[in-house]
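Next come the chains, spelled out residue by residue.
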Amino acid sequence: MLTAIIALSVLAGGCGLLLGFAAVRFRVDGDPIVARIDALLPQTQCGQCGFPGCWPYAEALAAGQAEINQCPPGGEAGIQALADLLGRDPKPLNPDNGTVRSKMVAIIDEQTCIGCTLCIQACPVDAILGAPKLMHTVIAKECTGCELCMAPCPVDCINMVPVKETLSTWKWPCPVLPGDALPDHRAAA
Amino acid sequence: MKEYALILISTILVNNFVVVKFLGLCPFMGVSRKLETAMGMGLATTFVLTLSSVCAYLTNEYLLAPLGLEYLRTIAFILVIAVVVQFTEMVVHKTSPVLYQVLGIFLPLITTNCAVLGVALLNIQEKNGFLASGLYGFGAAVGFSMILVLFAALRERIAVADVPLHFRGAAIALITAGLMSLAFMGFVGLARG
C-alpha cells in the first residue's frame, strides 16, 4: 500500500518536474507587444495609416517604423492609448492620414447597383454581400466605415452615412483632461 | 525481422484499432468531416502514440513491475500519456511552429483518445519488448490515420450525396463506419494465408 502511494507520487512528481522544466526550457517568445498594440487599434482595416491593415500597422509600430499618430479611426483616445503603451509622447493626428470623423456606415443604393462585385473585393472585413449581376448590400453591423468600397464602385452607388446614436449604441464620451494631449504631461505626472 | 513486419501488418490491417478493435472512436467520428483535419489528427496521433507506447512500456518495466504494482497500470499510464502529450506540445511549439499550426488543437485532444491507453495496455498484455512496443504503437497509429483519412474521404462524398432524410448526419456516418469495419474483417484471411 505504502509502496504504491510512494511510487505513484514519485512518478507524478517526476512528470511534474519534467513538465515544469519543459515549460521554462521551451518557452515560446512570441512578440506579445504586437498583439497588445493590435488590441488598441480600432480594427477597421481601412489602411489610412499607410499599412494594409491594423495588424501590419501594429507590427510596424512595434518595430519602431511608424508613428503613433497615423490612425484616424482611433482618434485622440487611440493615440493616447498607444503613447501610454509604447512610452512615446502623444502627438496630434497626422493630417496626411485623414481626419477624425464620427463613425460611418456604407449604404448601397440598391436601385443603382449593377452587381459588379468590385466593392465586395475591396471590402477588408467582408461586410458586403452579393453575387455577380445581382444587387449587393452592406451588412451594417460588420461595416467599419473605412470607405475603401467607394472608390472602386463604377456607378457611385455607395454612400457613407453617419451612424445614428441610439439607446443601445450610445456611450459615455471619454474624459479628456486638460493638458492630456500635451507632450510633457507625463513629466508633470 | 519477420516478427516486426508481422506486428506492423497486424496492427495496420488485420487488427486495425478503429474498425476491428473499436478503439479511438471519438476522434474517428469527431474529426473525420474534413480531409485536412483528419490528416492533422492522424499525424498528431502517430507522433504521440509511438512515443507514449514506448514511455508506458518503460514505466511498466522499470517502475511498476519491480515493485509489484501492476494493478496501478491504468492510472500510471494515463499520467504518463498526459505528460507525453503536454511535453510533445511544448517541444513542437518551440521547435516547429509550422507543425504546431498543422497539429493545432488535435495535439491536446489526443490525451482523451482511448486508443492511446488501449495500445499501452495491450502492449503489456502481449508481452511486447521495447522495440516491439514502439512498433506496435506506430503500426496502430498508422492504421488509425489510414482509417481516419479513408473515412473522411468517404464522408466528404456522402456530404453531397442524396441521402434519405432519416439517414442523414450521424446515422449514415455510423452505417458507413460499419461497412468499413465489415470490409476490414476480410483481412483476417491474411493471417491464415
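The rules we used
Residues numbered from 1 in each chain as written. Chains lettered and ligands numbered in written order. Predicted model: local features only at pLDDT ≥ 70, side-chain atom pairs only at ≥ 80, totals over all residues. Helix = DSSP H or I, 4+ residues; strand = E, 2+ residues; numbered from the N terminus. Buried ≥ 20, exposed ≤ 12 C-beta atoms within 10 Å, placed from the backbone. Contact = placed C-beta atoms within 7 Å. pLDDT = per-residue confidence, 0-100. Arc of directions from axis to C-beta. Axes fitted to C-alpha atoms, helices over the stretch in contact; angles between N-to-C directions. Parallel < 35°, antiparallel > 145°, perpendicular 65-115°, else oblique. Left-handed = near helix turned anticlockwise from the far one by under 90°. Nonpolar A, V, L, I, M, F, W, Y, C, P; charged D, E, K, R; others polar. Expected span 1.5 Å × (residues − 1). Bend = angle between axes of the 7 residues up to and from the residue. Core = buried A, V, L, I, M, F, W, Y, C linked by C-beta atoms within 7 Å.

1. Here's the deal with the overall build of chain B
Regarding its fold elements, chain B presents 10 helices and zero strands. Starting at the N terminus and walking to the C terminus, you meet the elements of chain B as α-α-α-α-α-α-α-α-α-α. Evaluated residue by residue, chain B yields a buried proportion of 40% over its 193 residues. For chain B, contacts bridging at least 24 residues in sequence account for 79% of all contacts bridging at least 6.

2. Some words on the overall build of chain A
A count of helical and extended segments in chain A gives six helices and four strands. Within chain A, the fraction of its 189 residues that count as buried is 19%.

3. Side note on the confidence of the model for chain B
Where the model shows low pLDDT, its predicted coordinates should not be examined in detail. Chain-level statistics for chain B give a pLDDT mean of 86 and a share of 98% at 70 or above. Predicted complex metrics record ipTM = 0.72 and pTM = 0.58.

4. Looking at the environment of Leu69 of chain B
Tracing the backbone shows Leu69 of chain B in the loop between helix 3 (35–67) and helix 4 (73–95). In this view, Leu69 of chain B contacts Thr3, Ala4 and Ala7 of chain A together with Leu64 of chain B; residues no more than four positions away in its chain are not counted.

5. So, helix 3 (residues 54–62) of chain A
All names here are of chain A. All of the buried residues in helix 3 are Cys54, Tyr57, Ala58 and Leu61. When helix 3 is viewed along its axis, its buried side chains cluster within an angular range of 100° and face the same direction. Backbone geometry just downstream of helix 3 places Gly64 in the positive-phi region, at approximately 80°.

6. Focus: the packing of helix 2 (residues 32–40) of chain A against helix 3 of chain A
Helices that pack against each other are described as a pair by the angle of their axes relative to one another and the distance between those axes. Residue and element names in this part refer to chain A. It is at 8 Å that the axes of helix 2 and helix 3 come closest, and there the two elements cross at 125°. Relative to helix 3, helix 2 is oriented oblique. When the axes of helix 2 and helix 3 are compared, the crossing they make is right-handed. Together, Ile33, Val34, Ile37 and Asp38 of helix 2 and Cys54, Trp55, Ala58, Glu59, Leu61 and Ala62 of helix 3 make up the contact between the two elements. Of the residues that constitute the contact of helix 2 with helix 3, the class distribution is eight nonpolar, no polar and two charged.

7. Overview of helix 3 of chain B
Residues and elements named next belong to chain B. Here helix 3 is 33 residues long and its end C-alpha atoms lie 46 Å apart, about the 48 Å a rise of 1.5 Å per residue gives. A bend of about 35° at Asn60 is the largest found in helix 3. Remark: Gly68 follows helix 3 within two positions and exhibits a positive phi of approximately 70°.

8. Here's the deal with the nonpolar core
Core analysis: the largest hydrophobic core is formed by 54 residues, its most contacted members being Val48, Val84 and Val116 of chain B. Sorting the residues of this core by element identifies helix 1 (2–14), helix 3, helix 4, helix 6 (106–109), helix 7 (114–125), helix 8 (130–160) and helix 9 (170–185) of chain B as the ones contributing at least two each. Examining the composition of this core, we find that 12 residues originate from one element, helix 3 of chain B, more than from any other. The contact partners of Val48 of chain B, leaving out residues within four places of it in the chain, are Val84, Val85, Thr88, Ile110 and Val116 of chain B. In terms of nonpolar packing, the next biggest core, distinct from the first, is built from 12 residues, Leu41, Cys54, Leu61 and Leu82 of chain A among them.

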